[in-house]
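Chain residues, written in single-letter form:
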Amino acid sequence: VQLQASGGGLVQAGGSLRLSCASSGLAFSEYNMGWFRQAPGKEREFVTAMASNGRSTEYADSVKGRFAISRDNARNTVYLRMNSLKAEDTGVYYCVADFDYGHPLRRRPGSYGYWGQGTQVTVSS
């Protein structure tokens, strides 16, 4: 299984970025997909998740209204659109996958069995 994240970079505060995560080796349409992030010196934190069928989403309070997760099951890809970026959004962003047993979307890192390599997002203030 591979989760290949891309799209990170350096952006000014108030700017936007779109991350992509292309998956291979798993039945993408059967997995809930999500994003976590980790800032220097901090623990990994939940950002957002979307159900396998795209019908439900969860967001961290810190990104609600600014970030949007989406997925294209035909392309085995999940996206994270990030608007109104702030300096505190800086970190490494990880794409994650969790097989959908019909359970509620999860927010704990340990709940996700597959992780991508991460892509760096740096927001300058």
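Below or above, wherever it landed, is the structure these notes cover. (Residues numbered from 1 in each chain as written. Predicted model: local features only at pLDDT ≥ 70, side-chain atom pairs only at ≥ 80, totals over all residues. Heavy atoms only, no water.)

Side note on the state of the cysteines
Then, in step 1: According to the stated counting rule, one finds 1 disulfide in the structure shown.
Then, in step 2: Across a sulfur-sulfur distance of 2.1 Å, Cys 21 and Cys 95 are joined as a disulfide pair. Disulfide Cys 21-Cys 95: the torsion about the S-S bond is -80 degrees, which places it as left-handed. With a gap of 74 residues between them, Cys 21 in strand E3 (residues 17-24) and Cys 95 in strand E9 (residues 91-99) connect regions that are remote in the sequence. (Disulfide = S-S within 2.5 Å. Helix = DSSP H or I, 4+ residues; strand = E, 2+ residues; numbered from the N terminus.)

As for the packing of aromatic side chains
Then, in step 1: A complete count under the given rule lists 7 aromatic pairs for this structure.
Then, in step 2: Taken together, a centroid distance of 5.3 Å and an interplanar angle of 85 degrees make the contact between Tyr 31 and Phe 99 edge-to-face. Of this pair, Tyr 31 sits in strand E4 (residues 31-38) while Phe 99 sits in strand E9, and the two are 68 residues apart along the sequence.
Then, in step 3: The class for Tyr 31 is buried, based on a relative accessible area of 12%.
Then, in step 4: Plain terms: the ring middles of Phe 99 and Tyr 101 are 4.8 Å apart, the flat faces sit at 65 degrees to each other, and that makes the pair edge-to-face.
Then, in step 5: Tyr 101 sits in the exposed class, given a relative accessible area of 68%.
Then, in step 6: A connected cluster of aromatic rings, assembled from ring pairs, spans Phe 36, Phe 46, Tyr 94, Tyr 112 and Trp 115.
Then, in step 7: If you follow Arg 44 out to its NZ or CZ, it ends over the ring of Tyr 94, 4.0 Å from the centre.
Then, in step 8: Its guanidinium or amino end placed over the ring of Trp 115, Arg 44 lies 4.7 Å from that ring's centre, counting from NZ or CZ. (Phe/Tyr/Trp six-rings, centres within 6.5 Å; stacked < 30°, edge-to-face > 60°. Buried < 20%, exposed > 50% of the residue type's maximum accessible area, 1.4 Å probe, protein only. Lys NZ or Arg CZ within 6 Å of the ring centre and 35° of its normal.)

The analysis is restricted to geometry; functional conclusions fall outside its scope.
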